[in-house]
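Structural features, examined
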Amino acid sequence: MIVPLTDAHDSSLIASAKRIAASRTDMVEWRVDRYASRDDHTKVVAMAARIHEIIGERPLLFTPRTKHEGSDWNPPGDSYRDIIADACASGTVDMVDVQYLNPAVKRCFEAARAHRVPIIASNHDFNGTPSATAIADGLDAMASLGADIAKMAVMPRKPADVAALLEATAVAAQTIRVPLITMSMGPLGVISRLAGQVFGSCATFATLGGEGSAPGQLPLDEVLAVMDLLGRDL
Ligand SMILES: O=C1C[C@@](O)(C(=O)O)C[C@@H](O)[C@@H]1O
């Protein structure tokens, strides 16, 4: 179970981190692209250290999401690679999300590897859902890049799109050698956030008081209750 931190300002970020630290979540994701000081890497690293301290033993996933994949952040110059390199070098993050279609992906992987920070490679399609084969191929490409986890989020337009995401997950889980995280977003895709582990998704994102970081995320306690019913083994 992963809960995202999406607050823009220090005081609310710290309050949210403290709330998450008291919850049953397994991992915390900092969506640093939502941070008001996202372009000041000194402040970013200092805040990552503060969050890391508050959440204790829970791993901190550092996620700079860009405009191409569902954020409003359009990183200037090399700042996508630089923010990843700075966070990984700081020793304050436990995993990093790297968008595998970003032009700087190889340099981002190099930076994470240089500091032994595991990589969740990701891709987000907010406009639709590719075929099950295309989704599985994307996950395979992430694994081939050397990602430690492959993650794909897609937007369904009809129930068959949700089925395609779940089918791709089940097929990829049999053939790809790294763990997967997949989700079909929005109200139609909720079943994928609740039952994804049945098909081979190793984690799901849920909210805790905040607005969440993507359409369709559900409150943590409700997701936990359903996963307990489905035999939560994550
Ligand atoms: O990649 C993901 C998955 C996600 O987009 C979701 O749909 O829950 C939420 C993002 O914060 C996270 O980085």
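Parameters and conventions
- The residue numbers shown here count from 1 along each chain, following its written sequence.
- Given that this is a predicted model, residues contribute local features only at a pLDDT of at least 70 and side-chain atom pairs are listed and counted only at 80 or more, while totals for whole chains, interfaces and linings are drawn from all residues.
- Each side-chain value is derived from all of the structure's non-hydrogen atoms; neither hydrogens nor water enter the calculation.
- UniProt positions are given in the numbering used here, feature names are shortened, and annotations may be inferred rather than shown by experiment.
- Only protein chains enter the area calculation, which uses a 1.4 Å probe; residues under 20% of their type maximum are buried, those over 50% are exposed, and those in between are partly exposed.
- Runs of H or I in DSSP of at least four residues are treated as helices and runs of E of at least two as strands, each being numbered from the N terminus.
- Should DSSP find at least two bridges between two strands, the strands are regarded as paired.
- Every crossover in which the path from the first strand over the helix to the second runs clockwise, viewed with the strands pointing away from the viewer, is termed right-handed.
- All axes are obtained by fitting lines to C-alpha atoms, using only the stretch in contact for helices, and the reported angles, taken between N-to-C directions, cover 0 to 180 degrees.
- What sets the label is the angle itself: under 35 degrees gives roughly parallel, over 145 gives roughly antiparallel, 65 to 115 gives roughly perpendicular, and the rest give oblique.
- For any pair of crossing helices, the crossing counts as left-handed if the nearer helix is rotated counterclockwise from the farther one by less than a right angle, and right-handed if it is rotated clockwise.
- Contacts were defined at the residue level, with two residues in contact if any of their heavy atoms lie within 4.5 Å.
- For this classification, Asp, Glu, Lys and Arg are treated as charged, while Ala, Val, Leu, Ile, Met, Phe, Trp, Tyr, Cys and Pro are nonpolar and the rest, including Gly, are polar.

As recorded in an unreviewed UniProt entry, the chain goes by the name 3-dehydroquinate dehydratase, listed as coming from Brooklawnia propionicigenes. Among the UniProt annotations of the chain, the heading Catalytic activity (unreviewed entry) holds the following wording: "3-dehydroquinate = 3-dehydroshikimate + H2O".

Every α-helical turn comprises 3.6 residues, leaving residues that sit three or four positions apart pointing alike. Here helix H7 (residues 190-199) lies mainly inside the structure; 7 of its 10 residues are buried. Of the positions making up H7, those classed as buried are Val 190, Ser 192, Arg 193, Leu 194, Ala 195, Gly 196 and Gln 197. Phi for Gly 200, located one or two positions after H7, is positive at around 120°.

Before going further, it helps to spend a moment on the pairing of strand S2 (residues 27-31). The element S2 is extensively covered by neighbouring structure, given that 5 of its 5 residues are classed as buried. Burial along S2 is two-sided: Met 27, Glu 29 and Arg 31 facing one way and Val 28 and Trp 30 facing the other are all buried. Where strand S1 (residues 2-5) lies against S2, 4 bridges are found, and the strand directions are parallel. Across the sheet, the residue bridging to Leu 5 is Trp 30, located in S2. Bridging between S2 and strand S3 (residues 60-63) involves 4 bridges; their strand directions are parallel. Among the inter-strand pairings, Glu 29 is bridged to a residue of S3, identified as Leu 61. Of the crossover connections in this fold, the one passing from S2 over helix H2 (residues 41-55) to the parallel S3 is right-handed.

Once that is clear, we can look at the packing of helix H6 (residues 159-175) against H7. The contact between H6 and H7 brings their axes to 10 Å, and the two run at 25°. Taken together, H6 and H7 sit at an angle that is classed as roughly parallel. The hand of the H6/H7 crossing is right-handed. Touching Val 162, Leu 165, Leu 166, Thr 169, Ala 170 and Ala 173 of H6 are Ile 191, Ser 192 and Phe 199, all from H7. Here the residues of the contact of H6 with H7 are counted per class, giving 7 nonpolar, 2 polar and no charged.

Looking now at the sheet that holds strand S4 (residues 95-99). A sheet is described by the order of its strands in space; here 7 strands give the open sequence S1-S2-S3-S4-S5-S6-S7, paired in parallel fashion. Both edges of this open sheet fall to S1 and strand S7 (180-184), since each of them pairs with a single strand only. Strand-to-strand twist across the sheet, computed as the mean angle between neighbouring axes with direction ignored, equals 20°. Those strands touched by helix H5 (residues 132-145) are strand S5 (119-125), strand S6 (149-154) and S7, and its axis lies near 150° from that of S6.

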